[in-house]
Every structure is written in C-alpha cells, then in structure tokens.
Amino acid sequence: MTISVAERAELAAAVSGLLHDECTEGDVRRVMGTDEAFDRELWRKLAAQGVTGLLVAGEFGGVGLGALELEAVAEATGAALLPAPFLSSAVLASALIGEAGTGDDKRRLLPGLVEGTSVATVALTGSRGTWAPEGVAVRASCETGPDYTLSGNAHYVLHGQVADVILVVARTNGVFGVFQIEPDADGFERTAATVFDPTVPLSTYTFDATPARRIGTAGWDAVRHALDLASIALAGEQVGGARRIFDITVDYLKTRIQFGRPIGSFQALKHMAADLLLQVESATSAAQHAAAELASGSEKAGGAIALAGFACAEAYHTTAMSAIQMHGGIAFTWEHPAHLFLRRARTGLQLFGSSELHRERYLTSKGA
C-alpha cells in the first residue's frame, strides 16, 4: 500500500507524540533496568498505532506499508531511544516471515506480532557478526521426513531473552533456510550477552540437535530482503537520534552562559555545530534516499542501503561524541542524556554489519 507524503508525516508525528509522552528519558532509564528491557504496555500502544504491523500485509492484520514509512517511523523511535523490540520483531522477523513464509506460516505467526502479544527475533549471524552468508554458524540437518535439527550458535540476537517466536537462519545442504524453534525446545540455550547499551539487549543462542521446522522454502534472498529493511530502519533510528542529541546540544549552547554571554556565540562552537548539522542533514538524506530506492524497486537500492549503513552510523556516533564535548563536564556523568545517545550510537556501529562491510558493499555496487 502507498500513502501520501502528508499521510506519512502524520503517521510519524503520531508515533512521535506517543513516545514524547510515554518514552521520556526517565522511562528509558527505568525500562532498561528491568529484566525484559521493554515496556509491554507501551508496545501494545504502538501496536494500536500500527507500528508493530507496519510491514505486515492487511490480510494478516497489518497495515502493509513499506520502506519509506518504515524509515519515517524509525526516525521517531530513534529520537526517543525507544527500548523495545522494534528492529527485531516489527522489522527483521516480520519482514522475514512475510518474504519466506508460506500462507500457513504467515497466518500462524504474524497476527500475534501485529497485536504486540508476541515478540519475535531472528538468530542470524555467528560470532564474527558479519550479518552476511559467510557469517552464518548454524547448520540444519534433515535425516527423516520433514523434521530438522539445528546445531551451532548465533550471536547478537536482538531481544533474544524475551522472544517467544524464534527464527533461525541456518545452512542446509549447501543453501540457506529459515527455521523456527520453540522457546523450550530440547538442546536450545539462550544466554544474555553483556552489552554496552542496555536499551539494546543481545543474546547468544546455542543449538545442540534442536528440533526445528522450516519456514517456507526461501533462502538467502529472503534474508537479504529482511536485512535491507532492517538496515533502513536502523539508519532511520540513527538519524533520528543524531538530530535529537544535536537539538539538545544547540539548546544548551543557547542557554549556558560563560564570560557573560551564551557559549553558542563562541566561534569554535559555532563551527562545530555547523559541521554537525551538515553531517545530520547528509545522513538524513542518505537514509531517506535508501528507503526511496528500495520502495521503488531500483537496481541501485543495494548501493543506497550500503551508503546509509555507514553514513548514518558514523554521523550518529560523531554527533553524540561531539555533544558530550560541547556540553563540557556536565555531560561526562552517566546522569546526562548524552550518554544514552552515545551508547546507542556505538551499538549501531556494528549492528547489521560494520561500516567497513557497508563500504565494501557500496564499492561493489559501483563496480569498484
């Protein structure tokens, strides 16, 4: 389904309004200290707005939108530092089920994700964290009939401790498949990872002859499609976060008085702010361009997504680091919000692939 630019803006504004009221800095700090690391009540309210079913077709309860709307909503979730399984459940898993699953798979799994009553995740990459075919470290075996077993491990599984719909990408007979396991399956163990950013919980999954069922018959192409959408959502979150911490910093520069005048009038800080604004605007353009290219089915979509992958991550990290410096000593305390943005920015530098990997993909797309 296609909606107008105005309707897209209204959708993003509605999400932003809800998060402004119910995902304040205090809420983020409270939630990230809990075992689940997200607020289920807020998640249900986001479901009512269509966020959890953004990419899901209407016949399965979703709203059936695409990359452009996803990026716009992600800017709002990133600005609020939303601690919730948005990337894992509403984007990566939903897109993978939609692309790889049969009709029965979709009817069985998607309505719960759309309603916010189930949380999904995808175990995709091994310890190298490449989010690429060569990084998959789980193997699927099928000795008799349709039944499979999984062996190996997966790392950096988003919201892996709370997921009740668990999808696994595994190698099988020289190709890749998408599999589902039950949370209490034999031979399955999940371990919470130590993370730099507690708003983005990660897990390590271990499989030892774990019973699994295959989701459809699609291979890596389906995984790549889901990763492309996840990368666009992450880029949207990064530019949303970068713009938010930039605005917080500019407000501080206008009100902090030193030597009898606002520090924002100092030439060095003016230059820093101008450079950061250029980075934020450029990154925003990269994220929105990637979404537009994917939405249009352009052959250039892969290169645009790769460009957004490193440009948005690096712009966010630079902006968050500079924000701490520009705030002075006050921002070097954990109590200042700048640290929350910096931690999210650093996590994003590796999620769904490092800047080096995205640069390599971008150059490959250009035939370099």
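Predicted, not measured: the structure shown is a model, and the values here were computed from it.

Some thoughts on the overall build of the chain
- A tally of helices and strands in the chain yields eleven helices and nine strands.
- A compact globule built from 368 residues would reach a C-alpha radius of gyration of about 21 Å, and the chain, at 21 Å, matches this within 12%.
- Projected onto the principal axes, the alpha-carbon positions of the chain cover approximately 80 × 45 × 35 Å.
- Relative to its full complement of 368 residues, the chain shows a buried share of 55%.
- Taking as baseline every contact in the chain between residues at least 6 positions apart, the subset at least 24 positions apart corresponds to 75%.

Structural notes on the confidence of the model for the chain
- Looking at the chain as a whole, the pLDDT averages 90, with 91% of positions reaching at least 70.
- By mean pLDDT, strand β8 (residues 257-258) is the weakest element of the chain at 56, and strand β1 (residues 120-123) is the strongest at 98.

Re the UniProt feature "domain: Acyl-CoA dehydrogenase/oxidase N-terminal" (unreviewed entry) in the chain
- If you check UniProt for "domain: Acyl-CoA dehydrogenase/oxidase N-terminal" (unreviewed entry), the listed places come out as residues 8-116 in our numbering.
- In the segment residues 8-116, helix accounts for 67% and strand for 0%; the C-alpha atoms at its two ends are 22 Å apart.

A few points about the side chain of serine 231
- For serine 231, the location among the structural elements is in helix α7 (residues 220-255).
- Serine 231 gets classed as buried once you look at its relative accessible area, which sits at 7%.
- What serine 231 contacts, discounting residues up to four positions off in sequence, is Ile305, Phe352 and His358.

As for the environment of leucine 278
- Along the chain, the position of leucine 278 falls in helix α8 (residues 267-296).
- Residue leucine 278 is classed as exposed on the basis of its relative accessible area, which comes to 56%.

Focus on helix α6 (residues 103-115)
- For α6, spanning 13 residues, the distance from its first C-alpha to its last is 18 Å, which sits close to the expected 18 Å at 1.5 Å a residue.
- Taken as a whole, α6 carries its principal kink of about 30° at leucine 109; the proline proline 111 stands between one and four residues after it.
- By the burial criterion, the buried members of α6 are Asp105, Lys106, Leu109, Leu110, Gly112, Leu113 and Val114.
- Turning to α6, the residues buried within the fold contact α3 (40-48), α5 (86-100), β1, β4 (165-172) and β5 (175-181).

What about the pairing of strand β2 (residues 138-141)?
- Only one face of β2 is buried: it carries Val138 and Ala140, and the other face, with Arg139 and Ser141, is open.
- Where β2 meets strand β3 (residues 148-158), four bridges bridge the pair, whose relative direction is antiparallel. Note that in β3 the partner of serine 141 across the bridge is threonine 149.

Overview of the environment of alanine 154
- Following the sequence through the fold, alanine 154 ends up in strand β3.
- The contacts of alanine 154, once residues within four sequence positions are left out, are Ala123, Leu124, Thr125, Val138, Ser203, Thr204, Tyr205 and Phe207.

Regarding the packing of aromatic side chains
- All chains considered together, the criterion is met by eight aromatic pairs.
- Note on phenylalanine 176 and tryptophan 220: the rings are 5.3 Å apart at their centroids and 55° apart in plane angle, and the pair reads as tilted. Separated by 44 residues along the polypeptide, phenylalanine 176 in strand β5 and tryptophan 220 in helix α7 bring together distant segments of the chain. An identical accessibility class is assigned to phenylalanine 176 and tryptophan 220; each is buried.

Remarks on helix α10 (residues 337-348)
- Taking 1.5 Å per residue, twelve residues should reach 16 Å; α10 reaches 17 Å between its end C-alpha atoms and fits that length.
- Summarising burial for α10: ten of the twelve residues are buried, a large majority.
- Within the span of α10, buried status applies to Pro337, Ala338, His339, Leu340, Phe341, Leu342, Arg344, Ala345, Thr347 and Gly348.

Let's talk about the packing of helix α1 (residues 5-22) against helix α4 (residues 67-79)
- Contact geometry for α1 and α4: axes closest at 9 Å, N-to-C directions at 25°. If you check the angle between α1 and α4, you find them roughly parallel. Of the two possible hands of crossing, α1 and α4 adopt the one that is right-handed. Contact with α1, carried on its side by Arg8, Leu11, Ala12, Val15, Ser16 and Leu19, involves Leu68, Glu69, Ala72, Val73, Ala76 and Thr77 of α4 and no other residues of that element.
- Residues of the contact of α1 with α4, tallied by class, amount to eight nonpolar, two polar and two charged.

A short note on the side chain of serine 89
- Tracing the backbone shows serine 89 in helix α5.
- Judged by its relative accessible area of 1%, serine 89 is buried.
- The residues touching serine 89, leaving out its near neighbours within four places in the chain, are Trp43, Ser94, Leu113, Ser118, Val119 and Ala120.

Regarding the nonpolar core
- Core analysis: the biggest nonpolar cluster contains 100 residues, and Leu46, Phe86, Leu96, Val169 and Phe352 have the highest contact counts within it.
- Among the elements that make up this core, the one with the highest residue count is α7 (16 residues).
- For leucine 46, the contacting residues outside a window of four places in its chain are Val15, Leu18, Leu19, Val51, Thr52 and Leu82.
- Listed in part, the 18 residues of the second largest apolar core include Val138, Ala185, Phe207 and Ala212.

What about unusual backbone geometry?
- The backbone phi angle of tyrosine 156 is positive, close to 55°, even though this residue is not glycine.
- You can see tyrosine 156 is positioned in strand β3.
- Take tyrosine 156: its relative accessible area is 36%, and that puts it in the partly exposed class.
- Even without being glycine, histidine 159 reaches a positive phi, approximately 50°.
- Judged by relative accessible area, histidine 159 falls into the buried class, the value being 4%.

Thresholds, definitions, all that
- Residues numbered from 1 in each chain as written.
- Predicted model: local features only at pLDDT ≥ 70, side-chain atom pairs only at ≥ 80, totals over all residues.
- Heavy atoms only, no water.
- Helix = DSSP H or I, 4+ residues; strand = E, 2+ residues; numbered from the N terminus.
- Rg over C-alpha atoms; globule rule 2.2 N^0.38 Å.
- Buried < 20%, exposed > 50% of the residue type's maximum accessible area, 1.4 Å probe, protein only.
- Contact = heavy atoms within 4.5 Å.
- pLDDT = per-residue confidence, 0-100.
- UniProt positions renumbered as here; feature names shortened; annotations may be inferred.
- Expected span 1.5 Å × (residues − 1).
- Bend = angle between axes of the 7 residues up to and from the residue.
- Pairing = 2+ DSSP bridges.
- Phe/Tyr/Trp six-rings, centres within 6.5 Å; stacked < 30°, edge-to-face > 60°.
- Axes fitted to C-alpha atoms, helices over the stretch in contact; angles between N-to-C directions.
- Parallel < 35°, antiparallel > 145°, perpendicular 65-115°, else oblique.
- Left-handed = near helix turned anticlockwise from the far one by under 90°.
- Nonpolar A, V, L, I, M, F, W, Y, C, P; charged D, E, K, R; others polar.
- Core = buried A, V, L, I, M, F, W, Y, C linked by side-chain atoms within 4.5 Å.

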